[in-house]
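# Summary of structural features
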Amino acid sequence: MNRHETLKHLMQSGQPLRLPGAYDVLSAKLIEQAGYPVVYIGSYGTAASAFGWPDVGLLELNDLTELAGKVVRAVKVPVIADAENGFHEPANLWKTVSAFEAAGVSAIHIEDHAGGKHTDRPQHLIPLELMLAKLRAALDARQDPHFQIIARTDAIWATHDVAEAVRRCQAFAALGVDMVFPTGADADTVQSIRALLGPRTPIVGIETQNDAPRSREDSPDIVLNYGFALFAVTRTLQQALINYRDAQTPQALAPMLTPVLEFEALFDYAGFSARASHYDVVPPTQDAGLT
């Protein structure tokens with residue numbers, strides 16, 4: 001079973017997934033090491049970690065696929081990636097799907113948000129008809145039927161229109177997408193969408209550290225805590241840097257630092273040493289061949 005099939009099997013099993021978002025290869029490897037069966041890499045973490053930018057529509061297709069591909073090559077579990085609004089009109093959506101498939105990710109989400117995301121000005125969605133055309137083009141473009149297309153609507157988050165979010169999710173599901181992703185959906189909205197769509201169309205949602213706990217019935221099938229690794233390492237590193245600045249000896253920082261050998265085990269230094277020994281060639285001595 002390849003990774004695409006593994007993700008599809010996980011969704012068909014009904015097993016709920018709570019996924020901390022990665023922001024680079026190292027965080028993705030640590031997420032996998034902690035036992036998570038899927039890694040998520042989004043635009044929020046990519047913009048912040050790779051460019052020092054806010055997540056406001058500055059990223060280009062290659063920015064996302066390049067990092068997503070590195071994550072795929074570094075882990076063995078399926079990877080879900082953020083494809084923003086698809087980057088192209090429907091006729092050219094094949095390019096986006098092709099790029100993510102080539103990167104090796106197992107699923108992408110495409111959103112209906114128009115323009116860069118801001119919280120201090122009015123937000124807009126692209127018309128539903130255009131969004132459906134993009135999704136249809138994405139479904140037609142995929143080469144592997146197990147590569148999954150997730151349809152995201154920001155109707156609740158951007159325009160506070162719950163009814164529109166439900167309407168769009170219903171239209172997405174009728175088109176045949178693999179999952180729907182209503183950002184900002186509360187427990188009641190998740191239940192309403194699940195009742196309309198049934199169990200065959202999984203629901204993706206967002207979770208942050210400020211959210212209240214949800215029951216299984218109230219929770220999406222996949223919950224993305226998109227900034228988890230980014231926020232965790234930022235808080236921890238900020239404190240470690242302050243401690244290091246103020247510490248009298250390096251040893252005082254030992255409890256905050258991963259031991260070197262434990263860290264290097266993530267990157268197969270031992271494998272390199274074994275290969276180096278296996279292929280080692282002993283150089284001749286300076287007097288070799290002299291009589």
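Residues numbered from 1 in each chain as written. Predicted model: local features only at pLDDT ≥ 70, side-chain atom pairs only at ≥ 80, totals over all residues. Heavy atoms only, no water.

## Observations concerning the environment of Ala50
We count it as follows: The helix count covers DSSP runs of H or I at least four residues long, the strand count covers runs of E at least two residues long, and both are numbered beginning at the N terminus.
Position of Ala50 relative to the elements: it lies in helix 3 (residues 43–51). Residues Ala50 and Lys29, spaced 21 residues apart in sequence, show a C-alpha to C-alpha distance of 17 Å.

## A short note on the sheet that holds strand 7 (residues 148–153)
Put simply, the rule reads: Here a strand pair is declared whenever DSSP counts at least two bridges between the two strands. Only C-alpha atoms enter the line fits that serve as axes; for helices the fit covers just the stretch in contact. Angles between N-to-C directions range over 0 to 180 degrees.
Here we have eight strands laid out as an open sheet, ordered 8-7-4-3-2-1-10-9, and parallel in their pairing. Strands with a single pairing partner mark the edges of an open sheet, and in this sheet they are strand 8 (179–182) and strand 9 (204–206). The sheet shows a mean angle of 25° between the axes of neighbouring strands, taken without regard to direction. Across two bridges, the pairing between strand 1 (residues 17–22) and strand 2 (residues 39–41) is parallel. When the sheet's bridge partners are listed, Gly21 is paired in strand 2 with Tyr40.

## With respect to unusual backbone geometry
Both trends apply: most residues other than glycine have a negative phi, and most peptide bonds are in trans. We count it as follows: A simple rule labels every residue: compare its accessible area, found with a 1.4 Å probe on the protein chains alone, to the largest value its type can have, and call it buried under 20%, exposed over 50%, or partly exposed in between.
We note that Phe87 has phi near 70°; this positive angle belongs to a residue other than glycine. Turning to its location among the elements, Phe87 is positioned in the loop between strand 3 (79–82) and helix 5 (93–103). The phi torsion at Asp268 lies on the positive side, around 60°, for a residue other than glycine. Relative to the helices and strands, Asp268 resides in the loop between helix 11 (260–264) and helix 12 (269–278). The class for Asp268 is partly exposed, based on a relative accessible area of 44%.

## A look at the pairing of strand 7
Within strand 7, six of the six residues are buried, leaving the element largely enclosed by the surrounding structure. Relative to strand 7, strand 4 (residues 107–111) is paired through five bridges, and the arrangement is parallel. Directly across from His109, in strand 7, lies its bridge partner Ile150. With four bridges connecting them, strand 7 and strand 8 associate as parallel partners. Each residue of the ladder has a partner; that of Ile150, found in strand 8, is Met179.

## A look at the pattern of salt bridges
What counts here: Here, a salt bridge means any side-chain nitrogen of Lys or Arg that lies within 4 Å of a carboxyl oxygen of Asp or Glu.
Applying the stated criterion across every chain, the model contains twelve salt bridges. Measuring nitrogen to oxygen at the nearest pair gives 2.9 Å for the salt bridge that ties Arg18 to Glu207. With Arg18 in strand 1 and Glu207 in the loop between strand 9 and strand 10 (222–225), this residue pair connects regions lying 189 residues apart in the sequence. Classification of Arg18 by relative accessible area gives exposed; the value is 57%. A salt bridge links Glu164 to Arg167, with the shortest nitrogen-to-oxygen separation between them at 2.9 Å. Within this pair, Glu164 and its partner Arg167 are both found in helix 8 (residues 162–175), separated by three residues, close to a single helical turn. The class of Glu164 is buried, set by a relative accessible area of 14%. According to the relative accessible area criterion, Arg167 is partly exposed, its value standing at 44%. Members of the salt-bridge network, linked through shared partners, are Asp112, Glu164, Arg167 and Arg168.

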